[in-house]
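# Observations on the model geometry
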Amino acid sequence: NTNAYTLRNLIPRFFISVIMVNSSIFIAQFFTDLTLIITNVFLIQAGNIVETNLELFSRTGTNTLGLSAGAPSLMFGSLLSSNFTSLANSLFANDIVSLIVLLVVLIVTFAVNLLLVFRSGFIWLLVISSPLVFLLWLLPSAKTLLSAWWKHFSRWIVIGPLIAIIFLIGISLA
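In every chain, residue numbers begin from 1 and rise along the written sequence. The predicted origin of the model limits local features to residues at a pLDDT of at least 70 and limits the giving and counting of side-chain atom pairs to 80 or more, whereas totals for whole chains, interfaces and linings rest on all residues. The basis for every side-chain value is the complete set of heavy atoms in the structure, and neither hydrogens nor water enter the calculation.

Moving on, we come to the overall build of the chain. Numbering of helices and strands runs from the N terminus, with a helix taken as a DSSP run of H or I at least four residues long and a strand as a DSSP run of E at least two residues long. The number of helices and strands found in the chain is 4 helices and 0 strands. Listing every helix and strand of the chain by position from the N terminus yields α-α-α-α. For every residue, the accessible area (1.4 Å probe, protein chains only) is compared with the maximum for its type, and the residue is labelled buried under 20%, exposed over 50%, or partly exposed between those bounds. By the burial criterion, 20% of the 174 residues in the chain qualify as buried. Here a residue-residue contact requires only that any non-hydrogen atoms of the pair lie within 4.5 Å. Sequence-distant contacts, at least 24 apart, represent 77% of the contacts inside the chain between residues at least 6 apart. Summed over its atoms, the accessible surface of the chain is roughly 12600 Å², and 75% of this surface lies on carbon and sulfur atoms. Values of accessible area rely on a 1.4 Å probe in the Shrake-Rupley scheme; residue burial ignores everything except the protein chains shown.

As a further point, take the nonpolar core. The nonpolar side chains of a soluble globular protein tend to be buried with one another. Judged by nonpolar contacts, the single largest core of 13 residues is most densely connected at I123, L126, V127, L146, W149, F153 and W156. Of all elements in the fold, only α3 (84-136) and α4 (143-173) reach the threshold of two or more residues within this core. Broken down by element, the residue count for this core peaks at 6 residues, all from α4. Apart from residues lying up to four places away in sequence, L146 is in contact with V133, F134 and W137. The set of buried Ala, Val, Leu, Ile, Met, Phe, Trp, Tyr and Cys residues whose side-chain atoms join them within 4.5 Å is what this entry labels a nonpolar core.

With that out of the way, let us pick up the packing of aromatic side chains. Stacked, edge-to-face and tilted are the three classes for Phe, Tyr and Trp ring pairs, Trp counted by its six-membered ring, which pair at centre distances within 6.5 Å; planes under 30 degrees apart are stacked, over 60 edge-to-face, the rest tilted. Enumeration according to the criterion identifies 9 aromatic pairs in this entry. Between the aromatic rings of W149 and W150, the centroid separation amounts to 5.0 Å while the plane-to-plane angle is 85°, which identifies the pairing as edge-to-face. Given the relative accessible area of 5%, W149 is considered buried. What makes W150 partly exposed here is its relative accessible area of 28%. Ring pairing ties together the aromatic residues F30, F31, F134, W149, W150 and F153, which thus form one cluster.

The residue N40 is located in helix α1 (residues 7-60) in this model. Exposure remark for N40: the relative accessible area of 35% places this residue in the partly exposed category. Sequence separation between N40 and G160 is 120 residues; the distance between their C-alpha atoms is 9.4 Å.

Multiplying one less than the number of residues by 1.5 Å gives the expected span of a helix. Here α4 is 31 residues long and its end C-alpha atoms lie 45 Å apart, about the 45 Å a rise of 1.5 Å per residue gives. Of all bends in α4, the biggest is about 30°, found at I159, and the proline P161 comes one to four residues later. Taken residue by residue, α4 has L146, W149, F153, W156, I157, I159, G160, P161, A164, L168 and I171 as its buried positions. The reported bend at a residue is simply the angle between two axes, fitted to the 7 residues ending at it and to the 7 residues beginning with it.

On the surface, L7, I11, F14, F15 and V18 cluster together to form a nonpolar patch covering roughly 490 Å² of accessible area. On the accessibility criterion, V18 (33% relative accessible area) is partly exposed. Two distance rules govern patches: like charges are joined within 9 Å, and nonpolar side chains (Val, Leu, Ile, Met, Phe, Trp, Tyr) within 5 Å, applied only to residues with over 30% relative accessible area and no salt bridge. Should a side-chain nitrogen of Lys or Arg be within 4 Å of a carboxyl oxygen of Asp or Glu, the pair is scored as a salt bridge.

On to the packing of α1 against α4. Axes here mean lines fitted to C-alpha atoms, for a helix over just the part in contact, with angles spanning 0 to 180 degrees between N-to-C directions. Contact geometry of α1 with α4 gives a least axis separation of 7 Å together with a crossing angle of 10°. Between α1 and α4, the crossing angle belongs to the class labelled roughly parallel. Taken together, the residues of the contact of α1 with α4 break down into 18 nonpolar, 6 polar and 2 charged. For classification purposes, angles smaller than 35 degrees are called roughly parallel, those larger than 145 roughly antiparallel, those between 65 and 115 roughly perpendicular, and all remaining angles oblique. Ten residues, namely Ala, Val, Leu, Ile, Met, Phe, Trp, Tyr, Cys and Pro, are considered nonpolar, four, namely Asp, Glu, Lys and Arg, are considered charged, and the remaining ones, Gly among them, are considered polar.

Mapped onto the elements, L43 comes out in helix α1. On the basis of relative accessibility, which here comes to 37%, the residue L43 falls in the partly exposed class. Once residues within four sequence positions are removed from consideration, L43 is found in contact with A164 and F167.

Listed below in structure tokens is the structure:
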């Protein structure tokens, strides 16, 4: 389509492209900072929930196993009874389940951290390439490149708030 390359069509695109190239870093920084602010709002809320839960656990006298202060006397009373093996088996089963849950949490935490590291790298690459992409917008045949850049950029910056929302939901349900 040679009509798209006429001077009448290219001059407005040229001026818009010049403005976009000069402000491309600021545009990318604006959207990145906006998602960072949204992410921090959710993470601060999750931190408040964790602090409230820690205060509640410290005031009620319940330890991490869910045993109250009188539980050791109950356990030692069980040592003398015939129910000791069932108590030991149930505590051992709880330890195995706790270990499996801990292992899953560690794997998921590692995967999320790895995703966030790759996210930072991809955002940096997209921000660095943004002036070139906005310059290529001058050519009508390169419109797909700009739309692909925006698609990838928006997907990578949205990952942070989504992870924070999922983390907040997990903390709220725990």
